[in-house]
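Notes for the structure review
This is what each chain is made of:
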Amino acid sequence: MPPAVDPALLTRSRDVILSLQLPNGAFPASPTFSAYQGYCWFRDGAFIADGLSADGSVDSPTAFFSWCATVLDRYTPQIEEIIARAGAGDPVPGSQMLPARYTFDGGLGADDWTDFQLDGYGTWIWALDEHVRRHGVDPSPFAAAVAITVRYLLSSWQRSCYDWWEEHAEQVHVSTLGCIVAGLRSAVSLGVLDDVLASRAAQGADDVLAFILERGVHDGRLVKWIGNPDVDASLSALFAPLRVFDPASDLATETLAAIGRDLEVDGGVYRFRADTFFGGGRWPLLSCFKGLAHAARGERDEAQRLLAWAVAQATDTLDLPEQVSDRLLDPSMEEYWINRWGPVATPLLWSHAMVLRLNAELS
Ligand code: BGC
């Protein structure tokens, strides 16, 4: 089979990410996009680090995990308060929970954002564990940060919060729960927790998993949020790379089929049917996530097809956008977002990272 990815795009993807990473390990989501400028997300960063790690980088992902650890250390008093209040049955309001993103120096920044999102706090631990197992990195410097994150997640996983797309704070999102399961399991597998916390983390992962199976499944497939039977493309991540559920399971078969039916056109994958952000286009990074799930099922042709669409979205300068505007779900909303925030975020580091990740998987 011919190589699916132009080596120049792989080189460009590595360069975009590595050249923009801050010396302290933070990754900008997108260097010039007005609304993202100056911030590093736990979610984007974790998947960026994992993409680089799978592609062979060691130091850059490690530096990102160190950045996470520094941030968690800085906010430990706030996290202890969150845990104590949750334990006392008097949880802090969502506005006092940990944010989705921080300024590069670990500050909160001055801009309003839809901040309370739990997924990234699971995902960073999962990505760290993958990195440690791939490259034999010593996990002990991350022990305190992993432990406080585990206690945070155990205290608050049942809460509603914003999802991967920073929407619907009033709902409990299945993709978010999946990231929490992955993070709790990985925390145990890293071997950095004391015995008591390790067994609490293992039990917590089982509890969240049971909750998903009881409340987050409809017609044999995963749903977008508890009580909403739609699918969301982020759900494919729960089969691969997160491996919360067996990629060969019927649950995976049905969920991927629904995502394919409802959200995919010619290899490009939408976030969810009701998406209006920039008119609701197809996201290269979501084609890569779906491709990873298919690859994990041994469906290489499907994975190649999705990867081919993602790489074909690169601009003349080999930059990958956040989304592509040719076949919008709601074209009437495109101009609103362009007027508000400027053109679609390009390059988006997460898009580049997912191409590296799926390419590594298929190579
Ligand atoms: C996306 C998030 C992402 C953020 C930064 C938002 O538009 O919905 O998933 O973390 O951009 O890339």
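Presented here is a report on the structure given in the accompanying data block. (Residues numbered from 1 in each chain as written. Predicted model: local features only at pLDDT ≥ 70, side-chain atom pairs only at ≥ 80, totals over all residues. Heavy atoms only, no water.)

Re the packing of aromatic side chains
Going through the model one piece at a time under the given rule, you end up with 37 aromatic pairs. Between Phe33 and Trp341, the ring centres sit 5.9 Å apart and the planes meet at 90 degrees, which makes this aromatic pair edge-to-face. Residue Phe33 is found in the loop between α1 (7–20) and β1 (39–41), and its partner Trp341 is found in helix α12 (residues 334–341); the two are separated by 308 residues along the sequence. Considered together, Phe33 and Trp341 belong to a single accessibility category, that of buried residues. (Phe/Tyr/Trp six-rings, centres within 6.5 Å; stacked < 30°, edge-to-face > 60°. Helix = DSSP H or I, 4+ residues; strand = E, 2+ residues; numbered from the N terminus. Buried < 20%, exposed > 50% of the residue type's maximum accessible area, 1.4 Å probe, protein only.)

Quick look at unusual backbone geometry
In this chain, Ala240 is followed by Pro241 through a cis amide linkage whose omega measures 10 degrees. Following the sequence through the fold, Pro241 ends up in the loop between β4 (221–222) and α9 (250–263). For the bond from Thr346 to Pro347, the omega torsion is -5 degrees, close enough to zero to count as cis. Along the polypeptide, Pro347 turns up in the loop between α12 and α13 (349–362). Even without a glycine there, the phi angle at His168 is positive, about 55 degrees. Along the polypeptide, His168 turns up in the loop between α6 (143–156) and α7 (174–190). Looking at His168, the relative accessible area reads 29%, which means it is partly exposed. One non-glycine residue, Phe278, lies in the positive phi region at around 55 degrees. Locating Phe278 in the fold gives a position in the loop between β6 (268–269) and α10 (284–296).

A short note on α1
Over its 14 residues, α1 extends 20 Å from the first C-alpha to the last, a length consistent with the 20 Å expected when each residue adds 1.5 Å. Of the residues making up α1, those classed as buried are Leu9, Leu10, Ser13, Val16 and Ile17. Projected onto a plane normal to the axis of α1, the buried residues spread over an arc of 130 degrees and lie on a single side. Projecting away from the buried face of α1 at angles above 90 degrees are the exposed residues Pro7 and Ser19. Contact partners of the buried residues in α1: α2 (42–55), α11 (300–311) and α13. One side-chain oxygen of the residue at the start of α1 lies 2.9 Å from the amide nitrogen of Ala8, identifying that residue as Asp6. (Expected span 1.5 Å × (residues − 1). Arc of directions from axis to C-beta. Contact = heavy atoms within 4.5 Å. Polar contact = N/O pair within 3.5 Å; in protein donor to acceptor, adjacent residues only side chain to side chain.)

Notes on the site of the ligand
Around the ligand, a shell composed of 13 residues is seen, among which Tyr36, Arg43, Asp44, Trp164 and Arg271 lie nearest. With respect to the ligand, the side chain of Trp41 contributes an N or O atom lying 3.5 Å from an oxygen atom. Here an oxygen atom of the ligand and a side-chain polar atom of Asp44 are 2.5 Å apart. Relative to its unbound accessible surface of 310 Å², the ligand loses 98% to contact with the protein. (Near = heavy atom within 4 Å. Areas by Shrake-Rupley, 256 points an atom, 1.4 Å probe, with all protein chains shown as cover.)

Here we look at the nonpolar core
Of all hydrophobic cores here, the largest spans 134 residues; its most connected members are Tyr36, Trp124, Val146, Val150, Tyr152, Leu193 and Trp350. At 9 residues, the largest contribution of residues to this core is made by α7. Ignoring sequence-local partners within four residues, the contact set of Val150 consists of Ile125, Leu184, Ala187, Leu193, Leu197 and Ala201. (Core = buried A, V, L, I, M, F, W, Y, C linked by side-chain atoms within 4.5 Å.)

Quick look at the pattern of salt bridges
In total, this model carries 23 salt bridges according to the counting rule given. One salt bridge in this structure joins Lys224 and Asp163, with 3.7 Å as the shortest N-O distance. Here the residue Lys224 occupies a position in the loop between β4 and α9, and Asp163 occupies one in the loop between α6 and α7, the gap between them amounting to 61 residues. One connected set of salt bridges, linked through shared partners, spans Asp50, Asp129, Glu130, Arg133, Arg134, Arg357 and Glu361. (Salt bridge = Lys/Arg side-chain N within 4 Å of Asp/Glu carboxyl O.)

Description of the packing of α10 against α13
Interhelical geometry of α10 versus α13 gives an angle of 20 degrees and a closest axis separation of 8 Å. Here α10 lies roughly parallel to α13, going by the angle between them. Note that α10 runs across α13; the crossing there is left-handed. Of α13, the residues touching α10 (which contributes Leu285, Cys288, Phe289, Gly291, Leu292 and Ala295) are Trp350, Ser351, Met354, Val355, Arg357, Leu358, Glu361 and Leu362. Broken down by class, the residue content of the contact of α10 with α13 amounts to 10 nonpolar, 2 polar and 2 charged. (Axes fitted to C-alpha atoms, helices over the stretch in contact; angles between N-to-C directions. Parallel < 35°, antiparallel > 145°, perpendicular 65-115°, else oblique. Left-handed = near helix turned anticlockwise from the far one by under 90°. Nonpolar A, V, L, I, M, F, W, Y, C, P; charged D, E, K, R; others polar.)

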